[in-house]
Amino acid sequence: MTAEPPVTLHRMRFAMPASARIDWPASFGRRFLVTVDVEEEFDWRQPFSRSARGVTAVASLPAMHGRLTAAGVAPLYLVDHPVATDPRAAATVAALAGQGTEIGAQLHPWVNPPHAERPGVAASFAGNLPPELEAAKLDALVQAIEHGMGVRPRAYRAGRYGLGPSTFDLLAGRGFRVDTSMRARHDYRPAGGPDYGAIAGDAFRIDDRLTELPLSTIDTGRWRRFGRGLHPLAGRIPWGRGLLARGGLLSRVPLTPEGVDAAEAAYAVATADLRLLVLSFHSPSLVPGHTPYVRDAADLARFHRWWDVVFDALARAGYAPASVTEVIAAADACRAPVTLPIAPDPVRARPAPGHVRSRSVPPPSR
């Protein structure tokens, strides 16, 4: 019997050195990028399962794509293994590529071979896996996308935002140009994942090969300048974050229609000081019942209305849509070699025994 590989809770803390921040050229203006996690449907309340590979919601993606392109948006579709290996789903997404729309890769370890580890919360963060297993899963994913969709991805997102100490080298060595795994101002260490609390949302260079495009989270309210330290502190107090939000003092607003009010997101866009905003959603949200955010037809109508409201807000704030190709070209135009210093938290990093059955936790969220 083959021993299960060790899974390590790195709980890495990430930070952006000032020298790594991309100083976009004036011609780039203010831009936004829409990213979509194109993935299997699964019950987010249940333990991780290798058998949860249904991709029926992908059939609703072309209609949403039409809405996005009508607004001038060229989305980035981050495809995972179940989608890339399902002939109908792969063909559906592949047909949407072109005219700026690009297909990237998203790694969900529990449904991405090789299956050497036991599925669980700790192992759901790909960066917690041994480097050789993370590499093998990444290779299988890239090969599946190449075979099923005819493209080699150059943009990547770790499922559950699960970067690890080897991820960047693995990506750069396979020709990836963009990582968009970091979710600004979010800390997933309680679930065994990374800490992006120090990431403000600016795009920056990992090194001279790879650029990080964090998912945008905007602090709003009168105390927003203190948000980095105050928001985590308020989370330790019962109803602390709710009281701050209701008092107009501090709200943390991820730019996604999933769990975020449209008016709140529009206000966040109006106050944003980032040159590039990165928005996101999950493809199963296009069909009621697949995610906690879209449970019925009314939720789906609100989901679509969110985009109308936020696109209007982006236009009023001077943000224009950008494609991944445009973002890479602009970043290359002001390229300077840097190295991002990253280290696991030495106090909290510890092995996660592979034989321990991990209980499911809610998906990473605000």
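1. Here we look at the overall build of the protein
Here is step 1: Along the backbone of the protein there are 10 helices and 15 strands.
Here is step 2: Counting over 366 residues, the protein shows a buried share of 55%.
Here is step 3: Pairs at least 24 residues apart make up 77% of the contacts formed inside the protein by residues separated by at least 6 positions.
Here is step 4: With the model as given, the accessible surface of the protein reaches about 15,400 Å², and the carbon-plus-sulfur share is 54%.

2. Some thoughts on the pairing of strand β4 (residues 76–79)
Here is step 1: The two faces of β4 match: Leu-76 and Leu-78 on one face and Tyr-77 and Val-79 on the other face are all buried.
Here is step 2: Two elements, strand β3 (residues 30–38) and β4, share four bridges in a ladder whose sense is parallel. Note on β4: the bridge partner recorded for Thr-35 is Leu-76.
Here is step 3: Handedness of the crossover joining β3 and β4 through helix α1 (residues 61–70): right-handed.
Here is step 4: Sheet topology places β4 next to strand β5 (residues 102–107); four bridges connect them, and they run parallel. Across the sheet, the residue bridging to Leu-76 is Glu-102, located in β5.

3. Looking at the packing of aromatic side chains
Here is step 1: Scanning the entire structure with this criterion turns up 14 aromatic pairs.
Here is step 2: Ring geometry for Phe-281 versus Trp-307: centroids 5.7 Å apart, planes at 70°, classification edge-to-face. Note that Phe-281 is positioned in strand β12 (residues 276–282) and Trp-307 in helix α9 (residues 297–316), a separation of 26 residues in sequence. Of the two residues, Phe-281 and Trp-307, neither departs from the other in class, the shared state being buried.
Here is step 3: Here the aromatic cluster, defined as three or more aromatic residues joined through ring pairs, consists of Phe-32, Phe-281, Phe-303, Trp-306, Trp-307 and Phe-311.
Here is step 4: The lysine or arginine in question, Arg-31, covers the ring of Phe-28, its NZ or CZ lying 5.2 Å from the ring centre.

4. Considerations on the pattern of salt bridges
Here is step 1: Counted according to the given criterion, the structure contains 19 salt bridges.
Here is step 2: Note that Arg-152 and Glu-146 form a salt bridge whose closest N and O atoms lie 3.1 Å from each other.
Here is step 3: Taking relative accessible area as the criterion, Arg-152 reaches 46% and is therefore assigned partly exposed.
Here is step 4: Glu-146 gets classed as partly exposed once you look at its relative accessible area, which sits at 32%.
Here is step 5: Across the pair Arg-209 and Asp-207 runs a salt bridge whose closest N-O atoms are separated by 2.9 Å.
Here is step 6: Linked through salt bridges whose partners overlap, the residues forming this network are Arg-13, Asp-187, Arg-189 and Asp-195.

About the thresholds
Residues numbered from 1 in each chain as written. Predicted model: local features only at pLDDT ≥ 70, side-chain atom pairs only at ≥ 80, totals over all residues. Heavy atoms only, no water. Helix = DSSP H or I, 4+ residues; strand = E, 2+ residues; numbered from the N terminus. Buried < 20%, exposed > 50% of the residue type's maximum accessible area, 1.4 Å probe, protein only. Contact = heavy atoms within 4.5 Å. Areas by Shrake-Rupley, 256 points an atom, 1.4 Å probe, with all protein chains shown as cover. Pairing = 2+ DSSP bridges. Right-handed = clockwise from strand over helix to strand, strands pointing away. Phe/Tyr/Trp six-rings, centres within 6.5 Å; stacked < 30°, edge-to-face > 60°. Lys NZ or Arg CZ within 6 Å of the ring centre and 35° of its normal. Salt bridge = Lys/Arg side-chain N within 4 Å of Asp/Glu carboxyl O.

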